[in-house]
Amino acid sequence: VFSVYILCSYFYQGTDFPPISYAVTGIVLGEAIACIVSLCYLGLHEAKEIPNLSDTRTSHSALVFQLFLLALPLSASRTTQNVLQSLEAIALPDRLRLYGLDNATALSHYGILTGMVLPLILFPTAITNSLSLTLMPEIAQAQALHQKKKIQSVFHKSITLCFLVGFSFTGLLFLFSV
C-alpha cells in the first residue's frame with residue numbers, strides 16, 4: 001500500500017484517478033521488497049541459530065530443494081487462482097456488454113455479484129476452511145503414527161459436519177431469498 005502511495009504521489013500529476021497500472025506496479029514492488037527483506041533476514045541468520053537446521057545431516061541446498069518442491073504446488077495453485085480471477089474480472093463485464101448492457105450497467109451488475117452476492121453465498125466456506133485448517137495437524141500426526149482408523153474417523157466426521165453446514169446454509173439462503 002505504501003509503495004502504491006509513493007508511486008501515485010511522486011509520479012502521477014493528473015487531477016483524475018491514477019491509472020490501474022500504478023496500483024499493479026506498486027503491489028509488485030511491495031511484494032519484491034518483502035521478498036528481498038525476507039531473503040536478507042534469512043541470510044543474516046546462520047544455521048546454528050536455527051535448531052532444526054543445525055541438527056540435520058542433509059545439506060542446506062537439499063533442504064532448500066525440498067522446501068521448493070513443497071512450495072511449488074502451492075505457488076502454482078495460487079498463481080492459477082489469481083490468473084483465473086483476473087480473467088473472470090475481464091470476461092464477465094465483457095459478456096454482459098455483449099448481451100446488451102452498457103459499460104456502467106455491466107460493471108454495476110458485476111460489482112453487485114462480486115461485492116454482495118458471492119460473499120453471502122461463499123460464507124459457509126469460512127467455516128469449512130477453518131475446520132480443514134484445524135484438522136490438518138491431527139491428520140498429519142495420525143498419518144505419521146500410521147493410525148488409519150483415526151484418519152478415517154476424522155475424515156467421516158469432517159465430511160458430515162461440512163454437509164450439515166452446507167445444507168443448513170442452503171436452506172437459509174433458500175428460505176430468505178426474495
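Residues numbered from 1 in each chain as written. Predicted model: local features only at pLDDT ≥ 70, side-chain atom pairs only at ≥ 80, totals over all residues. Heavy atoms only, no water.

Side note on the overall build of the protein chain
Thought 1: Within the protein chain, the secondary structure is distributed over 7 helices and 0 strands.
Thought 2: Mapped from its N terminus to its C terminus, the protein chain presents α and β elements in the order α-α-α-α-α-α-α.
Thought 3: Considering only C-alpha atoms, the protein chain reaches an extent of 65 × 50 × 25 Å along its principal axes.
Thought 4: Within the protein chain, the proportion of its 178 residues that are buried is 10%.
Thought 5: Of the contacts formed within the protein chain by residues at least 6 apart in sequence, a portion of 25% connects residues at least 24 apart.
Thought 6: With 9 positive and 9 negative side-chain charges, the protein chain shows a separation of 17 Å between the mean positions of the two kinds. (Helix = DSSP H or I, 4+ residues; strand = E, 2+ residues; numbered from the N terminus. Buried < 20%, exposed > 50% of the residue type's maximum accessible area, 1.4 Å probe, protein only. Contact = heavy atoms within 4.5 Å. Lys, Arg positive; Asp, Glu negative; His and termini not counted. Charge placed at Lys NZ, Arg CZ, Asp CG, Glu CD.)

Digging into the packing of aromatic side chains
Each aromatic ring pair is described using two quantities: the centre-to-centre distance and the angle formed by the ring planes.
Thought 1: Scanning the entire structure with this criterion turns up 2 aromatic pairs.
Thought 2: Relative to F167, the ring of F163 has its centre 5.9 Å away and its plane inclined at 20°; by these criteria the two rings are stacked. With F163 and F167 both in helix α7 (residues 148-175), this residue pair falls 4 residues apart, about one helical turn. Like F163, the residue F167 is exposed in the burial classification. (Phe/Tyr/Trp six-rings, centres within 6.5 Å; stacked < 30°, edge-to-face > 60°.)

As for the side chain of S158
Thought 1: Examined against the element boundaries, S158 turns out to sit in helix α7.
Thought 2: Using a relative accessible area of 14% as the deciding quantity, one classes S158 as buried.
Thought 3: With near-sequence residues (within four places) excluded, S158 lies in contact with L131 and L135.

Focus: the pattern of salt bridges
Thought 1: Inspection of every chain in the model, using the stated rule, returns 2 salt bridges.
Thought 2: Among the ionic pairs, D94 bridges to R95, the shortest N-O distance being 3.5 Å.
Thought 3: Given the relative accessible area of 33%, D94 is considered partly exposed.
Thought 4: Here D94 and R97 are joined by a salt bridge, their closest N and O atoms 3.7 Å apart. You can see D94 and its partner R97 sitting in helix α4 (residues 60-98), 3 residues apart, about one turn around the helix.
Thought 5: If you follow the salt bridges from partner to partner, you end up with D94, R95 and R97 in one network. (Salt bridge = Lys/Arg side-chain N within 4 Å of Asp/Glu carboxyl O.)

Side note on the environment of T160
Thought 1: Tracing the backbone shows T160 in helix α7.
Thought 2: Its relative accessible area of 46% is what places T160 among the partly exposed residues.
Thought 3: Separated by 143 residues in the primary sequence, T160 and F17 have C-alpha atoms spaced 49 Å apart.

Here's the deal with the environment of P119
Thought 1: For P119, the location among the structural elements is in helix α5 (residues 103-121).
Thought 2: Counting along the chain gives 38 residues from P119 to Q81, while the straight-line C-alpha distance between them is 17 Å.
Thought 3: For P119, the contacting residues outside a window of four places in its chain are L113 and T114.

As for α5
Thought 1: The first and last C-alpha atoms of α5 sit 26 Å apart over 19 residues, in line with the 27 Å expected at 1.5 Å per residue.
Thought 2: Along α5, the helix axis deviates most sharply at L113, where the bend reaches about 30°.
Thought 3: The N-cap of α5, judged by a side-chain oxygen 3.3 Å from the amide nitrogen of A104 a few residues on, is D102. (Expected span 1.5 Å × (residues − 1). Bend = angle between axes of the 7 residues up to and from the residue. Polar contact = N/O pair within 3.5 Å; in protein donor to acceptor, adjacent residues only side chain to side chain.)

Remarks on the confidence of the model for the protein chain
Thought 1: With 92% of its residues at a pLDDT of at least 70, the protein chain reaches an overall mean of 82.
Thought 2: Ranking the helices and strands of the protein chain by mean pLDDT puts α7 first, with 89, and helix α3 (residues 51-54) last, with 53. (pLDDT = per-residue confidence, 0-100.)

A closer look at helix α6 (residues 124-144)
Thought 1: Spanning 21 residues, α6 covers 30 Å between terminal C-alpha atoms, matching the ideal 30 Å at 1.5 Å per step.
Thought 2: A bend of about 35° at L135 is the largest found in α6, and the proline P137 appears one to four places after it.
Thought 3: Where α6 is concerned, the buried positions are P124, L131, L135 and A142.
Thought 4: Against α5 and α7 lie the buried residues of α6.

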